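Here is what each chain is made of, one letter per residue.
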Amino acid sequence: MIRGAVLRAAAVAAGALTKGGSSALAPLEGGQKYAQALGASKAWSRGYATNSHDHFNIHRDSPENNDTTPFDFTPENMKIVKEVLARYPENYKRSGVIPLLTLAQTQNKGFLTLSAMNRVAEVLETPAIRVYEVATFYTMFNRSKMGKYHLMVCGTTPCMVRGAPKVKQALCDHLGLSDYGESTADGLFTLSEMECMGCCVNAPMIAVADYTKGVEGFTYNYYEDITTKDAVNITEQLRRGETPKVGSQHRSKCEPAGVVYEDKWVPTPEGTETLMGTPRGPYCRELKKEAAEQKQ
Amino acid sequence: MESSRALARLWRLTGPTGLTQARAMLLGRPCWSQQQTQQQHNSFSSSSSSVPEESDEEKKMPDHMMSTIVNGKEVWVPKGSSVMQACDAAGVDIPRFCYHPKLSVAGNCRMCLVDLENERGMSPKPVASCAMPLAPGTTILTDTDRVKKAREGVMEFLLLNHPLDCPICDQGGECDLQDQAMHYGSDRGRFVGQKRTVVDKNLGPLVKTVMTRCIHCTRCVRYAKEVAGVEDLGVTGRGGASEIGTYVNKLMESELSGNVIDLCPVGALTSKPYAFTARQWELKPTESVDVSDALGCNIRVDSRGTEVLRILPRNNEEVNEDWISDKARFQYDGLQRQRLNVPMAKGAGSVLKPVKWEEALTAVAEAAEGVSGEDMAAYGGKLADCESLIALKDLANRLGCETVQCEDVGQGVPDADLRSTYLFNPTLSGVDAADVILMVGTNPRVEAPVLNARIRKAQLEGVPIGMLGEDVDLTYPTTHLGGAPPLSAKKNADFSLALDQARRPLVLVGANCDPAVMAEVEELFEKRRETIEDGWNPISVLHQSASTVGALDLGYGAAPKAVPEGKKLVFLLGADEIDVPEGAFVVYIGHHGDKGACRADVVLPAAAFTEKHATYVNTEGRPQHARRAIAPPGEARDDWKILRALSEVMGHALPYDDLRGVRSRLCEVSPTFERIDEAPQKATYLGPKHKKGKVGAKTVLRTTIENFYQTDVISRASLAMAKATQARANQ
């Protein structure tokens, strides 16, 4: 059954490829239809930001985000700032921009206000635009107000093939959101899409950034091998203030114990070690024998 | 004066070489050689890369050069050159967007791909030539099929998101992307998605942005960071989402912001005042010089019919490199406003009324009748050219008048007979060679922004910059040493040490500094005379007006703030900042209806710098020609012609009738004018020339310019400059 599923997925993927390939050569009309089918127009009209919750790569003043919003590092965090800066030579202070922005973001409940970025620039003695550039470049810096828990669904190919769209749909339905980039009305959750987070073996997965406990208790956890039910369950646990199981929801690490297939955890059949059977042992050349053969 | 006349005679007899030798003889010291520093600082200029001649096989390659082969042609380039510089030296055209010789190498447009070949074979893939250092034994191939295909690929990517709005784009006709698309572009693309759109940014009233057209070459970002020194521009976002901007709503607070328009290879950054006015091929270019400050920046005046439509910089490595200030670039609309275009004389009720030229000239002659020369005064203005200055002086002298002065000549000029006391002696390019710079009572950021960029370049190379006077933001860090001299060594030991060890110190003195301040400065170098290189004169006077040095060369003195009481006839040659007391009969010869014309009894309309063939001498003593781009408006005439006509009516006809005649008269007065476009030879430091005095203990030296954008009649009449002033005030 599992072998069949893999083959089917491959066939679907191949189909998509041929479709895409032919449309590139096809007349414009077909191409446009294809682009619309991909939802390109919708995504693009939303703006051109690097991540899915910030809408622009330029700043727009808002009540909670402007250059007068109060921000300064707390005394405890200032110690961390000093530790960070001690790692770099005096004249290369700006090397510390990423750790400091991370610190500022965690302290500021998950997002960087303009004043926070300005403060970082001030600490680093660098022009503010150099900090803005970094903050807009990296997807993990948020520049608009975030929920307390930032749910990030991996949308890259292995997770997508393994059911990430279903997970996204389930989370949207459960939280009452319509798309990525939105937050719940109670300000508890923000749902985003992320690129590959390196958990392809345990696809699909979500990552959750927890901004409820400040810099000290900040966590950024992966929840792997999730079905829609698991995803909803995790959000509910978070809402109740519980700690969901971190890592794979169905196995201990990434041993070949099974796979999420069609929104269900399917254990590996008895007697096989991988989905395709038992792997062959490593092939090693018998050098002495080969040398003897060559001599002959 | 005596010595300069002797030099002029020698010059006529022996030509420039003889003069150099003669000057060296007169000064009793060998001339400071400019070649040394030129080699260090302009190692990539076209003169230093030579191609060996085929006939001369034995010609030996200098040690600092290396040889390569570009498309089968051998070329010699300095070691450390990039592949692109070798191609340029070989005369092979490499398409480019992000590379600019005055900026750091970014290597992000990928348009300059070439193939390289060495003894191991062809490069595995085409190489970005701008960012690739030339290695020994490398052959460059720019015409292979692979290179052509690669460049076509790059061009297709660039055109994916570039809008097809050339018909409504101001860059159309002079666009790098348009030109290169003619070579490497396809007539159709394979892109089927929606094109990207980007929010336009507000960079102020001078630079217009259409950010959708941007191809992310980042020239403007590098320019703002490296040359202008205002780190406001940056690239936000990434990949297809990246955009150029300030992120926050902020103006580009630079006096050199207009240069991003020239740098932008597409129509993303264009001139706001020039928007939608003309196509490049409709314009008549005229090579000229700028008069908005004393640097004499080389410009190109683009005109159509009777209007100047824009002003662009011309490259001159010795003066302005590739840049001009915003005032030089955008003040041209002032040439259309407030113009005096008919002669006027005061009639009944003391109101100026248009009259005929004859009537106006006769009115002046009548007023002059019976007035002795001692009761007359003649004042040159900020924008007066040398031709009209000499005509005014000759006329005044013939009338017996010796009060011939020029406004905006600093009080620190003691002795106009010695040129080196009022010139920027090390020359502007000498800033690159200086090893320590001290500024006294000057703010080059507003007095000469282009020079400020050059000083900034020196600062970035590690030259210590000290500042005496108001502690202003010059876009680079300076060591503030106090409000006025004396320079105390205790205040900053590091800087004093640098000054003690300097071989080529440069002291930038504001033209309005007190003679006592100048004396203090000279004393500073009197102590250090032994360490200073032979032939190097550290005194660099930075004047503020285009006319100043020319006027001093021609024997004008410094004008007071107000005309002394008792003068009965006053000639104002575009002099607007001198108060004239009641009772004097004022003849105003100028082109703008500003303060001077309001006070005048007779107004004689003259030509602005774009409307006449004129000579201006810049702050380093380099005479340059401004050329006529358009005709003067209405009945206005060239200033010197007006004075010539007036002299005839007054019965003291001047002995020249044409431009050549005036110019030979200029040469008679000063040999400077024989050598157009040349800065004077390095003048050895001759010791103190100023009388010692007392500098007030609480004095803080500062520039007299309050608003950079509005300093003379043209910029005061300019709408663009008014808007820029307002925008800066609102920031």
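The rules behind these values
- Residues numbered from 1 in each chain as written.
- Chains lettered and ligands numbered in written order.
- Predicted model: local features only at pLDDT ≥ 70, side-chain atom pairs only at ≥ 80, totals over all residues.
- Heavy atoms only, no water.
- Buried < 20%, exposed > 50% of the residue type's maximum accessible area, 1.4 Å probe, protein only.
- Helix = DSSP H or I, 4+ residues; strand = E, 2+ residues; numbered from the N terminus.
- Pairing = 2+ DSSP bridges.
- Right-handed = clockwise from strand over helix to strand, strands pointing away.
- Contact = heavy atoms within 4.5 Å.
- Buried area = accessible area lost by both parts, 1.4 Å probe.
- Salt bridge = Lys/Arg side-chain N within 4 Å of Asp/Glu carboxyl O.
- Polar contact = N/O pair within 3.5 Å; in protein donor to acceptor, adjacent residues only side chain to side chain.
- Nonpolar A, V, L, I, M, F, W, Y, C, P; charged D, E, K, R; others polar.
- Core = buried A, V, L, I, M, F, W, Y, C linked by side-chain atoms within 4.5 Å.
- Expected span 1.5 Å × (residues − 1).
- Domains from an automatic or database assignment.
- UniProt positions renumbered as here; feature names shortened; annotations may be inferred.

Caption draft 1: Representation of the pairing of strand β22 (residues 539-542) of chain B within the structure. Residues and elements named next belong to chain B. Burial along β22 is two-sided: Ile539 and Val541 and Ser540 and Leu542, pointing in opposite directions, are all buried. In the sheet, strand β21 (residues 505-510) pairs with β22 via four bridges, with the strands oriented parallel. Paired with Val509 across the two strands is Val541, which belongs to β22. Between β21 and its parallel partner β22, the chain crosses via helix α14 (residues 515-527), and the hand of that crossover is right-handed.

Caption draft 2: View of the interface of chain A and chain B. On the side of chain B, 24 residues touch chain A, which itself brings 25 residues to the contact. Roughly 2,200 Å² of surface becomes buried between chain A and chain B when both sides are summed, with 62% attributable to carbon and sulfur atoms. Here chain A and chain B share one salt bridge between them. Residue Arg130 of chain A is joined to Glu231 of chain B by a salt bridge in which the shortest nitrogen-to-oxygen separation is 2.2 Å. Our count for the contact surface shared by chain A and chain B stands at nine residue pairs in polar contact (both at pLDDT 80 or more). For the side of chain A that touches chain B, the secondary-structure elements that each account for two or more residues are α2 (28-37), α3 (40-45), α6 (114-124) and α7 (128-137) of chain A. Among the elements that make up the side of chain A that touches chain B, the one with the highest residue count is α7 of chain A (six residues). Of the residues belonging to the side of chain A that touches chain B, the class tally is 12 nonpolar, eight polar and five charged.

Caption draft 3: Quick peek at the nonpolar core. Judged by nonpolar contacts, the single largest core of 144 residues is most densely connected at Tyr223, Ile437 and Leu451 of chain B. If you look at the next biggest cluster of nonpolar residues, it comprises 51 residues, including Cys406, Leu554, Val662 and Cys667 of chain B.

Caption draft 4: Broad picture of helix α10 (residues 228-239) of chain A. Residue and element names in this part refer to chain A. Along its 12 residues, α10 runs 17 Å from first to last C-alpha, staying within 8% of the 16 Å computed at 1.5 Å per residue. Restricting attention to buried positions, one finds in α10 the residues Thr228, Asp230, Ala231, Ile234, Thr235, Gln237 and Leu238. Those residues of α10 hidden inside the fold are in contact with β1 (149-154), α9 (164-175), β2 (189-194), β3 (205-210) and β4 (219-224). Following α10 by one or two positions, Gly241 adopts a phi angle in the positive range, close to 85°.

Caption draft 5: Looking closely at the domain arrangement of chain B. Residue and element names in this part refer to chain B. Segmenting chain B into domains produces domain 1 (2-156), domain 2 (186-271) and domain 3 (340-705). Put simply, the middle of domain 2 and the middle of domain 3, counted by C-alpha atoms, are 39 Å apart. Contacts between the two partners involve 10 residues from domain 2, matched on the other side by seven residues from domain 3. Each partner contributes to the roughly 610 Å² buried at the junction of domain 2 and domain 3, and carbon and sulfur atoms together form 52% of this total. Among the salt bridges present, the one from Glu255 reaches Arg445, with a minimum N-O distance of 2.8 Å. Applying the counting rule to domain 2 against domain 3 returns four residue pairs in polar contact (both at pLDDT 80 or more). Split into classes, the residues belonging to the side of domain 2 that touches domain 3 amount to four nonpolar, two polar and four charged.

Caption draft 6: How the structure looks around the UniProt feature "domain: 4Fe-4S His(Cys)3-ligated-type" (unreviewed entry) in chain B. Those places that UniProt annotates as "domain: 4Fe-4S His(Cys)3-ligated-type" (unreviewed entry) correspond, in this numbering, to residues 146-185 of chain B. Between the C-alpha atoms that bound residues 146-185 of chain B there is a distance of 15 Å. The span itself is 60% helix and 0% strand.

Caption draft 7: Looking closely at unusual backbone geometry. Between Ala203 of chain A and the following residue, Pro204 of chain A, the backbone shows a cis peptide bond with an omega angle of -10°. Locating Pro204 of chain A in the fold gives a position in the loop between β2 and β3. Even without being a glycine, Asn71 of chain B presents a positive backbone phi close to 50°. Here Asn71 of chain B is to be found in the loop between β1 (65-70) and β2 (73-78). Here the phi dihedral of Glu321 of chain B falls at roughly 50°; this positive angle occurs in a residue that is not glycine. Relative to the helices and strands, Glu321 of chain B resides in the loop between β13 (307-313) and α8 (326-330). With a relative accessible area of 5%, Glu321 of chain B lands in the buried category.

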